[in-house]
Amino acid sequence: MGYVYFGQVNHFALVKIEEILTKNQIKFFTKNLHESSVSAGWASPGATFNEQLLYVDKNKIALVKKLLINYI
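The structure contained in this document is the topic of the report that follows. (Residues numbered from 1 in each chain as written. Predicted model: local features only at pLDDT ≥ 70, side-chain atom pairs only at ≥ 80, totals over all residues. Heavy atoms only, no water.)

### Comments concerning the overall build of the protein chain
Consideration 1: From N to C terminus, the protein chain includes 4 helices and 3 strands.
Consideration 2: Scanning the protein chain from its N terminus toward the C terminus, one meets helices and strands in the order β-α-β-α-α-β-α.
Consideration 3: Classification of the 72 residues of the protein chain by burial places 28% in the buried group.
Consideration 4: Accessible area of the protein chain: about 4900 Å², with a carbon and sulfur share of 55%. (Helix = DSSP H or I, 4+ residues; strand = E, 2+ residues; numbered from the N terminus. Buried < 20%, exposed > 50% of the residue type's maximum accessible area, 1.4 Å probe, protein only. Areas by Shrake-Rupley, 256 points an atom, 1.4 Å probe, with all protein chains shown as cover.)

### Description of the sheet that holds strand β2 (residues 28-32)
Consideration 1: In space, the 3 strands of this open sheet follow the order β1-β3-β2, with antiparallel pairing throughout. Pairing within the sheet leaves two strands with one partner each, and these edge strands are β1 (3-10) and β2. Taken over all neighbouring pairs, the strand axes of this sheet differ in orientation by 25° on average, direction set aside.
Consideration 2: Packed on one face of the sheet, helix α1 (residues 11-23) meets β1, β2 and β3 (51-57) and runs near 140° to β1. (Pairing = 2+ DSSP bridges. Axes fitted to C-alpha atoms, helices over the stretch in contact; angles between N-to-C directions. Contact = heavy atoms within 4.5 Å.)

### Let's talk about the packing of aromatic side chains
Aromatic ring pairs are described here by two measures, namely the spacing of the ring centres and the angle between the planes.
Consideration 1: Enumeration over the complete set of coordinates arrives at 3 aromatic pairs.
Consideration 2: Each ring, one from Tyr-3 and one from Phe-29, has its centre 5.2 Å from the other, and the planes form 75°; the classification is edge-to-face. Residue Tyr-3 is found in strand β1, and its partner Phe-29 is found in strand β2; the two are separated by 26 residues along the sequence.
Consideration 3: Its relative accessible area of 36% is what places Phe-29 among the partly exposed residues.
Consideration 4: Consider the rings of Tyr-5 and Tyr-55, whose centres lie 5.7 Å apart with planes at 65°: the pair is edge-to-face. Placement of the pair is Tyr-5 in strand β1 and Tyr-55 in strand β3, with a sequence separation of 50 residues.
Consideration 5: Counting every residue linked through ring pairs, the aromatic cluster contains Tyr-3, Tyr-5, Phe-29 and Tyr-55. (Phe/Tyr/Trp six-rings, centres within 6.5 Å; stacked < 30°, edge-to-face > 60°.)

In structure tokens:
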């Protein structure tokens, strides 16, 4: 199974998106831009935004698009 980048998700919408994906048994993970920036040694670019990167199961990308059309 592979994952593909789906989009940047606002921190506040992420709770609802995670709920929708879990309910529909779609595997996913998020990458926190702030944590990535700090780990790399510079906090400014990723730290200034309140978003996370969303990666979803590549086999269910069409379903994810249909479910999350109103969130992304």
